[in-house]
Structures are given as C-alpha cells and as structure tokens.
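Tertiary structure, described
Take a look at the letters that make up each chain.
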Amino acid sequence: MDPADSPPSNSLLHTRRLPRPACSRLDPTWHGMAIELSDGAATSTMTSAPQLIYTLSGHTKSVSCVSFSPSGALVATGSADRTLKIWSVANGALIHTFSSHTAGINDVSWSADSVYVATCSDDRTIKVFNVLTRETVREFGEHTSYVLCLSFNPASTLLVSGSFDETVRLWNVARNRCHRVISAHSEAVSSVDFNRDGTMIVSASYDGSIRLWDTTTGQCLKTLVHKDQAPLGGVRFMPSSAHLLCSSLDSTTRLWDIFNDKVVKTYTGNTNTKLAMAATLVTGGTAVMCASEDGCVVVWDLQSKEVVARWAAASANVALIATDAHPTAKIVASAAMEPEAHVKIWLWPTTS
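Residues numbered from 1 in each chain as written. Predicted model: local features only at pLDDT ≥ 70, side-chain atom pairs only at ≥ 80, totals over all residues. Heavy atoms only, no water.

Going by the annotation in an unreviewed UniProt entry, the name recorded for the protein is WDR5-like beta-propeller domain-containing protein, with Moesziomyces aphidis given as the source organism.

Below, the structure written as structure tokens:
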C-alpha cells in the first residue's frame, strides 16, 4: 500500500454550517422497494448513478448533518435553523421536530438502541432527546464556545464532544455530568469518534493533527500529523479500529494505519476546502463516500482509490456538507446547504 501525498490548504475557522423550506417529496415506487432493500448492505462497487428515492425538505437554513439510526428505521437531520428533524426511512414522513436549541446544530449522534439522539450546537450546549417520548432528557452546557462535533460510545453510556474552545469533553450520560475535560488541540476540534469497543477516542482539529485518547484515563496515546498539515474536517475509526478515515481541507481523504503511524491510502476527486465534512464507508465497507462543495457525492473504491461514482446531489453552486449510509439497506443520504437546504435519499445500484 502506498503512502499519501497531497497539496496543503489554508486554515479555516468556524464554517461547519451556514445558512429554504417546503415538505417531503416521496417517490411512490419506494413502497415497493422497502422489503426488497432490507436484505443487507451491498457487497460490490457501484457502477451507475443512484436513483433518487425522495427528498426531505423542511429545514429553512443549511442542513449541517444527517444520520441514519442504528435500527435503520429513522434518519435525523440537523440544521443551521436550530432544529433537529426525525424522519421515517420507510416513507419519508416527518415524525417530529425538536426545536430547543437557540443556535444552529452542528452534529448529531444516535444511541445504539435508536431511542436517543444527541445534538451539539453553536449555542454551546449538547442536548439528548428521547425520540419515543419526544422529550429533552439531558442538557450539557459547559463548553465555552461552539460545540462542533459529538459521538456516543458503543454502550451509549458516554458522549464525547469537541468544540471551538479547543477541548474534548467526555460526558457521563447516566450521571448527567461532565466526566473529563481534555485540552486537546491548539485550534477548534472538528470531529470526534469512539473505536469499536469504546476504549479509545479519536479527535481531529483545524490545527492539522489527529489525536488518540485513552477513554478511561484521558491520556493522549498518539498524535498523527500529515506532512502537509491541512486543517482536518472529519475523522472516523474503521470497523477494525486499526485504521482511521480522515478528511482534510485540501480536498483529500486519507486512510491512516494507527499502529504504524502512516497514511496507507489517499482519496482525491471531491472539492473540500472550506467545510468540515466526514467520509463514510459504503457498499459493505468496500468503498468510501464523501460530500463535495460542488454539490456532488463522490465514491472511491477502498482498495484501488479510484473514483467509481460521482453524481450531482444538489445544484453546482450549492455545497453538500454531509453524507451517510444506511446500516443495512442499499441506501445513502446527502445533505445540502442553502439555498436548497434539503436531504436526499438515494437507492444504491450495484453490480450483480
């Protein structure tokens, strides 16, 4: 496997979300697909553009994040309009809108049982909502600036968050308190994630560094910095926890081997110089997908690094900010900024 090399980029301050409204537009053929699509994720690389199933419209400002629930039944969208919306994956219906934040929402994370969803916001708070009772069950407000990212641990007992205040905070959800504050980076923390067993946390920052932390002690286990040191947008553990998928603001996504401290794959072809966005695995882990600031979704073969799919999910002058893949079905989602401010749900075509 070959090491990465990519040109540097200028630093970016807080542009996680920026700032149009309407209702859900549903393709009637989706009803016939629902059962057929629930047989599991695709295992082959996509060879043609996906089919638009429906468009979720209703946010009045840019959509900043989109996330399917672990059960696959729901999809959550957060926006600069300060709302969190919960939608049905089966029919595209809006189930509920949570509107207790006083500033734009930057990130969303589901609990493992799909009952709770956590959000973080420019209002400096983290909120946890029960999607069944539609109540706010937790609120944490100790960050001193915008909260840009968060993630539940696999057991859903802890939340980790990153902020423009340059700290990573660990929250005990059951005890409703801040468990640990880590002075993590020298610039804003743009992304955080837990590994598969919850024993490690990864954080990425606009300072260009990735740091690994021991969940129990808060000790920094390792710092990874690419030679170009571009500001970092999103970071995710791979399923094995031995690799990290990290997107940077030099229009590059890199696959890091954390045990050998090196980049083993580099993916280029999308436009990403201004907005913090995260890449995600699709097609059963055989491909990497990321949004693009030119309104496209770009997909690479995980091993060959070749672009295997690229399609317009928004107008050319409208940036995409986020994508997500359904946990089991052959479906992906894309989220657009203003003036379109929509989420589109796509059917994933594959080879036989």
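**Describing the pairing of strand S18 (residues 220-225)**
The following threshold applies: In this analysis, strands are considered paired if DSSP registers two or more bridges between them. Helical segments are the DSSP runs of H or I of at least four residues, strand segments are the runs of E of at least two, and each set is numbered from the N terminus.
Looking at chain direction, strand S17 (residues 209-214) and S18 are connected through five bridges and run antiparallel. Each residue of the ladder has a partner; that of Ser209, found in S18, is Val225. The turn joining S17 and S18, which pair antiparallel and follow one another in sequence, is formed by five residues; a positive phi near 80° is taken by Gly218.

**Focus: the pairing of strand S10 (residues 135-140)**
Taken together, the five bridges between strand S9 (residues 126-130) and S10 define a ladder with antiparallel strand orientation. Residue pairing in the sheet places Ile126 in a bridge with Phe140 of S10. Between S9 and S10, which pair antiparallel and follow one another directly, the connecting turn spans four residues, one of which, Arg134, has a positive phi of 65°.

**As for the packing of aromatic side chains**
Quick reminder of the rule: Whether two aromatic rings pair depends on their centres lying within 6.5 Å, for rings of Phe, Tyr and Trp, where Trp uses its six-membered ring; planes under 30 degrees apart make the pair stacked, over 60 edge-to-face, and the rest tilted. Exposure is judged per residue with a 1.4 Å probe applied to protein chains only, and the accessible area is read against the type maximum: over 50% gives exposed, under 20% gives buried, and values in between give partly exposed.
According to the stated counting rule, one finds six aromatic pairs in the structure shown. Here Tyr267 and Trp300 contribute two aromatic rings whose centre-to-centre distance is 6.0 Å and whose plane-to-plane angle is 50°, an arrangement assigned as tilted. Residue Tyr267 is located in strand S22 (residues 262-268), and its partner Trp300 is located in strand S25 (residues 296-301); the two are separated by 33 residues in the primary sequence. Grouping residues by exposure puts Tyr267 and Trp300 together as buried. Cluster of aromatic residues (ring-pair linked, three or more members): Trp311, Trp346 and Trp348.

**Thoughts on the sheet that holds S25**
We count it as follows: Under this scheme, a helix contributes an axis fitted over its contacting stretch, all axes are lines through C-alpha atoms, and angles between N-to-C directions fall in the 0 to 180 degree range.
Spatially, the four strands line up as an open sheet ordered S23-S24-S25-S26, and their pairing is antiparallel. The open sheet is flanked by strand S23 (280-282) and strand S26 (307-312), the only strands paired with a single partner. On average, each strand axis in the sheet is inclined to that of its neighbour by 25°, with strand direction left out of account. Where S25 lies against S26, five bridges are found, and the strand directions are antiparallel. Looking at S26, one finds that Val297 is bridged to Trp311.

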